[in-house]
Amino acid sequence: MEERYNAQKTEKKWQEFWEEQKLFAVKEDTELPKFYCLEMFPYPSGRIHMGHVRNYVIGDVITRYKKMRGFNVLHPMGWDAFGMPAENAAIKHGIHPSKWTRENISYMKEQLKKMGLVYDWQREVTTCNPEYYRWNQWFFLKMLERGLAYKKTSSVNWCPSCETVLANEQVINDGCWRCDTTVGQKELEQWFFKITAYADELLKDAGTLSEWPEKVVTMQRNWIGRSEGVEVDFRIAGSDRKLRIFTTRQDTLYGATFMSVAKKHPVVAELVRDEEIIKNIEALSDDPEEKQGVFTGCYAENPLTGDNIPVYAANFVLMEYGTGAIMAVPAHDQRDFEFAKKYDLPIKVVIVPERRGEVFSPLLEKHGSAQADAYKLQKAFEDDGVLVESGPFSGLTSEEAREKIADFLEKEGLAKKVVNYKLRDWGISRQRYWGTPIPIIYCSSCGIVPVPERDLPVVLYQDVQLSGKGASPLSEVRDFVVTKCPKCGGNAKRETDTMDTFVDSSWYFIAYCLGGNEKIDFTSSLRTGEKTSPLQYWMPVDQYIGGIEHAVLHLLYSRFFTKVLRDLGLVEINEPFSRLLTQGMVIKDGAKMSKSKGNVVDPDFLVNNYGTDTVRIFSMFAAPPERDLEWSDQGVDGAMRFLNRIWAFVYNNHDNLCISGSGRLKDISCFQAQASQLLRKTHQTIKKVTNSIERDYHFNTAIAALMELVNETLAFSPANDDERNLLRFTIKQVILLLSPFAPHFSEELWRETGESQSVFNEKWPAWDEDIAREEEIELVVQINGKVRAKIMTAAGLDDETVKGKAFSDPKINEIIKDKTPKKVIVVKGRLVNIVI
RNA sequence: GCCGGAGUGGCGGAAUUGGUAGACGCAAGGGACUUAAAAUCCCUCGACUGGUAACGGUCGUGCCGGUUCAAAUCCGGCCUUCGGCACCA
């Protein structure tokens, strides 16, 4: 054994060993309980950063721990390899996206291996591999068959200078991220996945995600944005045309004094003839700050009051939500209120606040009309209340009225109850090169023709020159575009858009189960009996770990895909991820690491200088995983010191410790005080570390407990064979408990203590509750809740004895003197509180 | 504006879910070893305060109230801060 721990040498040695032994390669084994541990796979941007390190170390610790707990652990890794940065590199440096991506992958893979992260690399997936993305295309075709994929025109972000579509995140302060040109909206025909067909189920099942952070579930709920209301038809005066609106506040219908429609609402084109008005509507600003409208010249009839109310085109009404038209109730909606003030429209109060079950409106009582209030309103009253001046519904509460008015309108055939969602269908078309080609052919005689399954994959054409200009780069490649129609054999053109890369990541966790890139085969898994299917065995993911930034997008898309796959008969589960951990950011000097702030820490540097085990210990110790982690160079030194102290101790006691197969430990009662205390502490630590991991993976307190045990162990010098035996036992427990956190270090010490098997084939230690129990406790005696004395007593005494001890303490006696205690409270094993 | 976290020593963070606030680590100060330094080891370390000392006392978990024998923890009202969403009718 060397005197000093050599991290470089040791880490390399065991990394090679684990890989050779395929220690973490797994097969389906129905005899063993399975555990699927997954971290969000990286985009191969070039290098691993500290965010990745933290994410993957958490997963690695869990993997090793669960393996020792006897689980068959699946822990795979892959590459989210399609995306814009590869195209940018191509444009900037003339290197092909494929080459750039593959070089990055090979570098990053080495980085991951150097960090001692153990994956079943046989199951690796790379999404830009045709063997992978052919299944994106296959899913697309399946969805097309089921009406879950469709094409429609919608507006997208468009940079007029680059002549390309931009994703929302590529629009920075209304400008193009590349050339800073102001981004506009453009109508484009695009492919969509009908995620809204699953809106209700996605919302309902969000309630089953009990082991997800509450926050993420809430964000998804809000994103789906379900609301129940009614669609009501307003007859347009002097026309057969009806104007349908959506509202959740039908209780305020009597207060509707005008209507607002989106400027793109069809009613505008149909009924407005005046050129001047049309021009004004088109000129409405898109500025969300300023509410603007133009009177269309039309009137509609309020179905309850029969009043004719003006119809406005307004810039704040969205065509995409509801029906693109609303009834405006200025007294009870802030936007309508502002609008009414601006254009001098009537405000009619129909809801008044309720106080202690009574109507609260002094003016109503005084003047007999709530309208006296209206002119002095400063803002809309949006809360529920009691209806006034609402015909037969007056006097009802908002809640009752919503029900009654909806029923009434429905009976009259004027309305129907509907549910609306904020969630929109998922636009997957991208006018970009580095993605999955959409498997569609346009034939002049047959129209839109899907590529037949047998012709998959539609391989991404390799030989392209990327300029960053022009529409979809594929559209300029004749060899790709020109094809034959699979139906009629005539001349046809291929779709040149590619898929959003979120499609790739929506099912990669399933691809791992099937064995990775080349082995993915859904058509045969459709045929296979479900019982033996690896999907049946591995899914769902038991623990998913990643950044909070995917709270909605990736996690929602994956949930959607899982449900679609279930309906296709490919999986039986409803949800892909049982338990989710969103790890915090790694920050330094109080800010997120970034090149511009110059506070980045380079993982390669750390691994080369300290070794990965030190980095792992520090990052697990400094904060619980869900919180942000403040990086500290001195903290890393501290982690290193911790490991070095253990090493030095084993080195100094090597002769004693390296005897293999430790003898039976004697009963605790035969030990001297210090020894029996160490044995007790050992069992307490096993308990503490295990519970800390089991309870929300709080590795920081697990490591703290280990440090305490190490401190006690290092202070212990054995006096006889029994005590030497005990020391050997304790050190071995320390190594076992430490092994998920510092795997190379522990594997090395495990061998140095006379073992010949891998520490990761060992069982996780178990504690003995009887030995862990304290024999003596420090009894705290309080007077009126203030600590006045501490007495060492035996544990487990009955209340009366404990009271007796408390009252016989001289200090307590001094304070109580002749006073009679009013009350004495005994908390078992902790304290006595005497109230005087 | 709405929703959701978070606020504890000089710092990162503990606290068995109402029962000794500050575990563990970092930094700092003092000491030992050393020709010296590094490394290592030992001691001190919330604030104020009494005592030569041994040893005490008071306050203290963002602020103000409340419940309780007892509150970092529960309740009500604020303040600060970090995320997410933002014309969704």
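The structure we're discussing is the one just above.
Attention here is on the structure that accompanies the text. Every value quoted in this text rests on a predicted model; they were computed, and no experiment measured them.

## Let's talk about the environment of methionine 115
- Mapped onto the elements, methionine 115 comes out in the loop between helix H4 (97-114) and strand E4 (125-126).
- Judged by relative accessible area, methionine 115 falls into the buried class, the value being 4%.
- In this structure methionine 115 touches Gln15, Ile48, Val53, Val607, Thr612, Arg616 and His744, once residues within four positions along its chain are discounted.

## A look at the pairing of strand E34 (residues 786-794)
- Relative to E34, strand E33 (residues 776-783) is paired through eight bridges, and the arrangement is antiparallel. Residue valine 781 lies in a different strand from E34, and its bridge partner there is alanine 789.

## Considerations on the sheet that holds strand E35 (residues 823-827)
- On the basis of which strands lie adjacent, the open sheet formed by four strands has the order E34-E33-E36-E35 and mixed pairing. Where the open sheet ends on each side, the last strands, each with one partner, are E34 and E35. Sheet twist, expressed as the mean angle between neighbouring strand axes with direction ignored, is 20°.
- Packing of helix H28 (residues 799-808) onto the sheet brings it into contact with E33, E34, E35 and strand E36 (831-835), and relative to E35 it is tilted by some 115°.

## Section: the protein's contact with RNA strand B
- Around RNA strand B sit 49 residues in total, of which Pro288, Tyr321, Arg335, Arg830 and Asn833 are the nearest.
- Close to the protein, within 4 Å, the atoms of RNA strand B are drawn from sugar and phosphate at a rate of 60%.
- Arginine 641 is positioned with one of its side-chain polar atoms (N or O) 2.8 Å from a phosphate oxygen of RNA strand B.
- Lysine 823 is positioned such that a nitrogen or oxygen atom in its side chain is 3.3 Å from a phosphate oxygen of RNA strand B.
- Breaking the surface near RNA strand B down by element, the ones donating at least two residues are helix H7 (214-224), strand E11 (242-247), helix H21 (633-652), helix H24 (699-714), E33, E34, E35 and E36.
- When the residues that make up the surface near RNA strand B are grouped by side-chain class, the tally is 18 nonpolar, 12 polar and 19 charged.

## Focus: the pattern of salt bridges
- Summed over the entire model, instances satisfying the criterion amount to 54 salt bridges.
- With a closest N to O distance of 3.4 Å, lysine 113 and glutamate 19 form a salt bridge. In this pair, lysine 113 is assigned in helix H4 and glutamate 19 in helix H1 (residues 7-21), connecting sequence segments 94 residues apart.
- On the basis of relative accessible area, glutamate 19 is assigned to the partly exposed category, the value being 47%.
- Salt-bridge contacts for arginine 579 lead to aspartate 696; the nearest nitrogen and oxygen are separated by 3.8 Å. Here the residue arginine 579 occupies a position in the loop between helix H18 (553-567) and strand E29 (580-583), and aspartate 696 occupies one in the loop between helix H23 (673-694) and H24, the gap between them amounting to 117 residues.
- You can call aspartate 696 partly exposed: its relative accessible area is 44%.
- Overlapping salt bridges, with partners in common, bring together Glu201, Lys204, Asp205, Arg559, Lys563, Arg566, Asp567 and Glu575 in one network.

## Remarks on H21
- Between the first and last C-alpha of H21 there are 29 Å, a value that for 20 residues agrees with the 28 Å anticipated at 1.5 Å per step.
- Among all positions in H21, only Val636, Ala639, Phe642, Leu643, Ile646, Trp647, Phe649 and Val650 are buried. In a view along the axis of H21, the buried residues occupy a sector of 165°, so they form one face of it. Pointing more than 90 degrees away from the buried face of H21 are the exposed residues Gln634, Arg641 and Asn652.
- Buried residues along H21 sit against helix H20 (612-621), helix H22 (654-657), H24, helix H25 (721-738) and helix H26 (743-752).

## Focus on the packing of aromatic side chains
- In total, this model carries 52 aromatic pairs according to the counting rule given.
- Where tyrosine 198 meets phenylalanine 560, the ring centres are 5.6 Å apart and the plane angle is 70°; that geometry is what we call edge-to-face. One end of the pair, tyrosine 198, is in the loop between strand E9 (184-193) and helix H6 (199-206); the other, phenylalanine 560, is in helix H18, and 362 residues separate them in sequence.
- On the basis of an interplanar angle of 55° and a centroid distance of 6.3 Å, the ring pair of tyrosine 254 and phenylalanine 393 is categorised as tilted. Of this pair, tyrosine 254 sits in the loop between E11 and strand E12 (258-261) while phenylalanine 393 sits in the loop between strand E19 (386-387) and helix H13 (398-411); the two residues are 139 residues apart in sequence, bridging distant segments of the chain.
- On the accessibility criterion, tyrosine 254 (9% relative accessible area) is buried.
- On the accessibility criterion, phenylalanine 393 (8% relative accessible area) is buried.
- Directly above the ring of phenylalanine 192 sits lysine 152, whose terminal nitrogen or CZ lies 4.6 Å from the centroid.

## Concerning the packing of H25 against H26
- The geometry of H25 relative to H26 is characterised by a closest axis approach of 9 Å and an angle of 150° between their N-to-C directions. Here H26 runs roughly antiparallel to H25, going by the angle between their axes. Between H25 and H26 lies a crossing of left-handed hand. Judged by residue contacts, Lys732, Ile735, Leu736 and Leu738 of H25 engage Phe745, Ser746, Leu749 and Trp750 from H26.
- Within the contact of H25 with H26, the residues separate by chemical class into six nonpolar, one polar and one charged.

## A look at the side chain of aspartate 604
- With respect to the secondary-structure elements, aspartate 604 resides in helix H19 (residues 603-609).
- Of note is the side chain of aspartate 604, whose polar atom sits 2.9 Å from the side chain of glutamine 111.
- Non-local contacts of aspartate 604, meaning those with residues more than four positions away in its chain, are made with Arg47, Tyr107 and Gln111.

## Considerations on unusual backbone geometry
- The peptide bond linking leucine 456 to proline 457 adopts the cis configuration, its omega dihedral lying at 0°.
- Here proline 457 shows up in the loop between strand E24 (447-450) and helix H14 (478-481).
- In this model, methionine 539 is joined to proline 540 through a cis peptide bond whose omega is 0°.
- Here proline 540 shows up in the loop between helix H17 (534-538) and strand E28 (543-547).
- A positive phi angle, close to 55°, is found at aspartate 344, a residue other than glycine.
- With respect to the helices and strands, the residue aspartate 344 is situated in the loop between helix H10 (334-343) and strand E16 (351-352).
- A positive phi angle is found at asparagine 784, which is not glycine, with a value near 50°.
- The topology assignment puts asparagine 784 in the loop between E33 and E34.
- Exposure remark for asparagine 784: the relative accessible area of 43% places this residue in the partly exposed category.

## Here we look at the sheet that holds strand E23 (residues 440-443)
- Spatially, the four strands line up as an open sheet ordered E24-E23-E26-E25, and their pairing is antiparallel. Every other strand in the sheet has two partners, leaving E24 and strand E25 (482-484) as the edge strands with one partner each. Each adjacent strand pair in this sheet contributes to an overall mean axis angle of 40°, direction not counted.
- Note: E25 against strand E26 (residues 491-494), three bridges, orientation antiparallel. By the bridge assignment for E26, lysine 484 is matched with asparagine 491.

## What to know about the nonpolar core
- Within the largest apolar cluster, 183 residues are counted, with the highest numbers of intra-cluster contacts made by Phe522 and Trp631.
- Apart from residues lying up to four places away in sequence, tryptophan 631 is in contact with Met50, Val586, Ile587, Lys588, Met593, Val601, Leu606, Val615, Phe618, Ser619 and Val636.
- Among the nonpolar cores identified, the runner-up in size contains 37 residues, and Ala300, Val311, Leu396 and Ala415 belong to it.

## Re the environment of lysine 263
- Tracing the backbone through its elements, the reader meets lysine 263 in the loop between E12 and helix H8 (266-271).
- What makes lysine 263 partly exposed here is its relative accessible area of 26%.
- When the C-alpha positions of lysine 263 and phenylalanine 316 are compared, they lie 9.1 Å apart, and in sequence the two are 53 residues distant.
- Aside from chain neighbours lying at most four places away, what touches lysine 263 is Val268, Ile281, Glu282, Leu284, Asp286 and Ala314.

The rules behind each value
- Residues numbered from 1 in each chain as written.
- Chains lettered and ligands numbered in written order.
- Predicted model: local features only at pLDDT ≥ 70, side-chain atom pairs only at ≥ 80, totals over all residues.
- Heavy atoms only, no water.
- Helix = DSSP H or I, 4+ residues; strand = E, 2+ residues; numbered from the N terminus.
- Buried < 20%, exposed > 50% of the residue type's maximum accessible area, 1.4 Å probe, protein only.
- Contact = heavy atoms within 4.5 Å.
- Pairing = 2+ DSSP bridges.
- Axes fitted to C-alpha atoms, helices over the stretch in contact; angles between N-to-C directions.
- Near = heavy atom within 4 Å.
- Polar contact = N/O pair within 3.5 Å; in protein donor to acceptor, adjacent residues only side chain to side chain.
- Nonpolar A, V, L, I, M, F, W, Y, C, P; charged D, E, K, R; others polar.
- Salt bridge = Lys/Arg side-chain N within 4 Å of Asp/Glu carboxyl O.
- Expected span 1.5 Å × (residues − 1).
- Arc of directions from axis to C-beta.
- Phe/Tyr/Trp six-rings, centres within 6.5 Å; stacked < 30°, edge-to-face > 60°.
- Lys NZ or Arg CZ within 6 Å of the ring centre and 35° of its normal.
- Parallel < 35°, antiparallel > 145°, perpendicular 65-115°, else oblique.
- Left-handed = near helix turned anticlockwise from the far one by under 90°.
- Core = buried A, V, L, I, M, F, W, Y, C linked by side-chain atoms within 4.5 Å.

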